[in-house]
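One-letter residues, chain by chain:
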Amino acid sequence: MIAAGRDVVTVQRALEHAQPSITLNVYSHLWSSAEGKTRGATAGFMAEIAGLGEGGGVGAI
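Calculation notes
- Numbering of residues starts from 1 in every chain and runs along the sequence as written.
- Totals for whole chains, interfaces and linings use all residues, but because this is a predicted model, local features are given only for residues with pLDDT of at least 70 and pairs of side-chain atoms are given and counted only at 80 or more.
- Only hydrogens and water are set aside; all other atoms, that is, all heavy atoms of the structure, feed into the side-chain values.
- Here a strand is any run of E in DSSP of at least two residues, a helix any run of H or I of at least four, and the numbering for each starts at the N terminus.
- Accessible area is worked out with a 1.4 Å probe on protein chains only. A residue is then buried under 20% of its type maximum, exposed over 50%, and partly exposed in between.
- In this description, contact between two residues means that some pair of their heavy atoms is separated by no more than 4.5 Å.
- Within the patch definition used here, like charges are joined within 9 Å and nonpolar side chains (Val, Leu, Ile, Met, Phe, Trp, Tyr) within 5 Å, considering only residues with over 30% relative accessible area and no salt bridge.
- The protein chains shown are the only cover counted for residues, whose accessible areas, like all others here, come from Shrake-Rupley with a 1.4 Å probe.
- Salt bridges are defined by distance alone: a side-chain nitrogen of Lys or Arg within 4 Å of a carboxyl oxygen of Asp or Glu.
- pLDDT is a per-residue confidence score from the predictor, ranging from 0 to 100.
- Of all possible arcs, the one meant is that of the directions from the helix axis to the C-beta atoms.
- Each polar contact in these results corresponds to two N or O atoms within 3.5 Å; when the atoms are within protein, one needs to be able to donate a hydrogen and the other to accept it, and residues that are neighboring in sequence are counted only if both atoms are side-chain atoms.

Here's the deal with the overall build of the protein chain
Part 1 of the reasoning: Looking only at helices and strands, the protein chain has three helices and zero strands in total.
Part 2 of the reasoning: Each helix (α) and strand (β) of the protein chain, taken in turn from the N terminus, gives the series α-α-α.
Part 3 of the reasoning: For the protein chain, the residues scored as buried account for 13% of the 61 residues in total.
Part 4 of the reasoning: Taking the contacts inside the protein chain whose residues are at least 6 apart along the sequence as the reference set, 27% of them involve residues at least 24 apart.

Observations regarding a nonpolar patch on the surface
Part 1 of the reasoning: Among the surface-exposed residues, Phe45, Met46 and Ile49 lie close enough to one another that they form a single nonpolar patch of about 290 Å² accessible area.
Part 2 of the reasoning: As for its placement among the helices and strands, methionine 46 is situated in helix 3 (residues 32-56).

Considering the confidence of the model for the protein chain
Part 1 of the reasoning: Looking at the protein chain, pLDDT values average 82 and 80% of them are 70 or higher.
Part 2 of the reasoning: Across the protein chain, the element-wise mean pLDDT spans from 76 in helix 3 up to 95 in helix 1 (residues 8-15).

Looking at helix 1
Residues that lie three or four places apart on an α-helix share one face, since the helix turns once every 3.6 residues.
Part 1 of the reasoning: For helix 1, the complete set of buried residues consists of Val8, Val11 and Gln12. All buried residues of helix 1 fall inside an arc of 100 degrees around its axis, so they share one side.
Part 2 of the reasoning: Contact partners of the buried residues in helix 1: helix 2 (20-27).
Part 3 of the reasoning: Two or three places before valine 9, at the start of helix 1, stands the capping residue aspartate 7, its side-chain oxygen 3.1 Å from that residue's backbone nitrogen.

Describing the environment of threonine 10
Part 1 of the reasoning: Within the secondary structure, threonine 10 sits in helix 1.
Part 2 of the reasoning: Residue classification places threonine 10 among the partly exposed positions, given a relative accessible area of 35%.
Part 3 of the reasoning: For threonine 10 and proline 20, which are 10 residues apart along the polypeptide, the C-alpha to C-alpha distance reads 9.1 Å.

See the structure below:
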């Protein structure tokens with residue numbers, strides 16, 4: 001679930017942990033790979049936004 005990009009609360013509920021902190025204490029090291037996915041998604045979004053200035057216009061979104 002973590003590798004697929006699920007958030008802490010979703011994983012916590014699936015594992016039936018009482019608190020998200022329990023999930024983070026046990027599995028926080030696995031979210032580091034999710035950071036790369038977030039950076040990639042942000043970079044793609046910013047590139048898309050930057051492309052709007054080249055005739056894309058607001059309607060292009």
